[in-house]
Amino acid sequence: MTQIISPFQILATDGKARRGKLYTKHGVINTPVFMPVATQGCVKALTDEDLRNVGAECLLSNTYHLFLRPTADFLANMGGLHKFMNWDRSILTDSGGFQVYSLSQFRKITEEGVWFKSHHDGSKHFFTPESVIEAEQKIGSDIWTCLDMLIPAQSKKADAKKALELTKRWAERAVKKYHSIVPQQIVKNEDGSFTVPHSLIFGIIQGAIYDDLRKDASQTMAKLPLHGFCIGGLSVGETREEMNFALTHTTPYLPPEKPRYLMGLGTPQEILDCIAHGVDMFDCVWPTRVARNGQVMTRNGKLNIKNLAYRNDTKPLEEGCDCFTCKHYSRAYLSHLFRCGELTSHRLLSIHNIRFLTRLMQDTRTAIEQGVFAKFKEEVDKAYK
Ligand SMILES: [Zn+2]
């Protein structure tokens, strides 16, 4: 298969860390980027307006969930997911391999695809690499991902190898299907930017925590006509050292001119570790999940608004934060809302936590541009010890 250009512009590097711009049919994504998770077409407790205000440039949705409910055909009839959820910036869809693995009580994997039962009503469905691409086309997302076969990071090597071989064969089929329905019309402009009239495709790299499997997966995916790469099978229970080890044997084998996205990672230290390995894109439900339990992220570490100490505290959640919550409300008020079980507290804390991560990425981009990323990473590491 012939290679294709990726609409990714690298503006600066510092060590392996990269500051770039990924162009999609719904605008520009500044990288490194944090993508809030809108699994079912909604980031929990937030509206599209909240997400624009916190500076989100790309959301992550899920093909498995949307395929089952409201269904890909329904979304196509509604004019696509962007229109349905009133979101005019980029959307990346995860293929659903992880959900088939983690949610479905029944799973039967064949060379052709995977049978699974809906976690809603037990109805039986079949995903193939081709049918997942078709579903993503109906959803209308900007970045599509290939169906992969996921296994736990600590799996035996023989099992990890088997899963990887199948993931590689499925990726070839997904890429073939993608190119049969999306003729490449990406144009590189004189200023280095790109015009992108159609959706992009990313492959998924597996290989658990085995160095030779990660290398093999990266080298195989690098040869396929893909616009970028998802690094999968990490952030599923392995240690920070194991994750760093796996990345050491992944990113050096990927073409530098294409973006890399590490799936399902969200704490500040983990994100900065990955950026130091040359990863560009991140997502995680963590900032909104912990917000609903009262946990707040700040540059000086975490705090929990349910703590008695905040009952009379007139300061904002984080001094210097420009989010809607910090601009208008005190810790005392938010503490009161939590004690009363007011749902608005979920929204207000989620706004802050997502803004915290989008600001962290903004500052990371600046640090890379100024050549001080290592020092910046060290400071963030210290705050979260
Ligand atoms: Zn804030």
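Up top is the structure.
Residues numbered from 1 in each chain as written. Predicted model: local features only at pLDDT ≥ 70, side-chain atom pairs only at ≥ 80, totals over all residues. Heavy atoms only, no water.

A. A look at the overall build of the chain. When its secondary structure is counted, the chain shows 15 helices and 18 strands. Relative to the globule expectation of 21 Å for 385 residues, the C-alpha radius of gyration of the chain, 21 Å, shows essentially globular dimensions. Dimensions of the chain along its principal axes, counting C-alpha atoms only, are 60 × 50 × 45 Å. For the chain, the proportion of contacts with a sequence separation of at least 24, taken over those separated by at least 6, is 67%. For the chain, the accessible area works out to roughly 16000 Å², and carbon and sulfur atoms hold 50% of it. In the chain, 49 positive and 42 negative side-chain charges are present, and the distance between their average locations comes to 3 Å. (Helix = DSSP H or I, 4+ residues; strand = E, 2+ residues; numbered from the N terminus. Rg over C-alpha atoms; globule rule 2.2 N^0.38 Å. Contact = heavy atoms within 4.5 Å. Areas by Shrake-Rupley, 256 points an atom, 1.4 Å probe, with all protein chains shown as cover. Lys, Arg positive; Asp, Glu negative; His and termini not counted. Charge placed at Lys NZ, Arg CZ, Asp CG, Glu CD.)

B. Layout of the packing of helix α7 (residues 157–181) against helix α8 (residues 211–223). The contact between α7 and α8 brings their axes to 11 Å, and the two run at 5°. By the angle between their axes, α7 is roughly parallel relative to α8. In this structure, α7 contributes Lys-157, Ala-160, Lys-161, Leu-164, Glu-165, Thr-167, Lys-168 and Ala-171 to the contact, and α8 contributes Asp-212, Leu-213, Asp-216, Ala-217, Thr-220 and Met-221. Here the residues of the contact of α7 with α8 are counted per class, giving six nonpolar, two polar and six charged. (Axes fitted to C-alpha atoms, helices over the stretch in contact; angles between N-to-C directions. Parallel < 35°, antiparallel > 145°, perpendicular 65-115°, else oblique. Nonpolar A, V, L, I, M, F, W, Y, C, P; charged D, E, K, R; others polar.)

C. Geometry of the coordination of the zinc ion. Every protein donor of the zinc ion is accounted for by Cys-321 (SG), Cys-323 (SG), Cys-326 (SG) and His-352 (ND1), and the metal-donor separations fall at 2.1 to 2.3 Å. Taken together, the four donor atoms coordinating the zinc ion span angles of 100 to 119° at the metal, a pattern that classifies the geometry as tetrahedral. Counting gaps between the donor residues of the zinc ion yields the pattern C-x1-C-x2-C-x25-H. You can see Cys-326 sitting in helix α12 (residues 324–328) and its partner His-352 sitting in helix α14 (residues 344–370), a full 26 residues away along the chain. Residue class for Cys-326 comes out buried when judged on its relative accessible area of 10%. (Donors = N, O, S within 2.8 Å, 3.2 Å for Na, K, Ca; no water. Tetrahedral: all angles 85-135°; square planar, octahedral: opposite > 155°, others 65-115°. Buried < 20%, exposed > 50% of the residue type's maximum accessible area, 1.4 Å probe, protein only.)

D. Representation of the packing of helix α13 (residues 331–340) against α14 in the model. Following both chains from N to C, one finds α13 and α14 inclined at 135°, their axes separated by 8 Å at the closest point. On the basis of their axis angle, the class for α13 and α14 is oblique. Between α13 and α14 lies a crossing of left-handed hand. Side by side, α13 and α14 meet where Leu-334, Leu-337 and Phe-338 of the first sit next to Thr-344, Ser-345, His-346, Leu-348 and Leu-349 of the second. (Left-handed = near helix turned anticlockwise from the far one by under 90°.)

E. Local environment of the pattern of salt bridges. Taken as a whole and judged by the stated rule, the model has 24 salt bridges. Notably, a salt bridge pairs Asp-273 with Arg-240, separated by 2.6 Å at the nearest N-O pair. A residue pair is termed long-range when its members are at least 10 positions apart, and Asp-273 in helix α10 (residues 268–276) and Arg-240 in helix α9 (residues 240–248) qualify at 33 residues. Here Asp-313 and Lys-315 are joined by a salt bridge, their closest N and O atoms 3.5 Å apart. Within the structure, one salt-bridge network assembled from shared partners comprises Lys-161, Glu-165, Lys-168 and Asp-216. (Salt bridge = Lys/Arg side-chain N within 4 Å of Asp/Glu carboxyl O.)

Worth remembering: the numbers are spatial, not functional.
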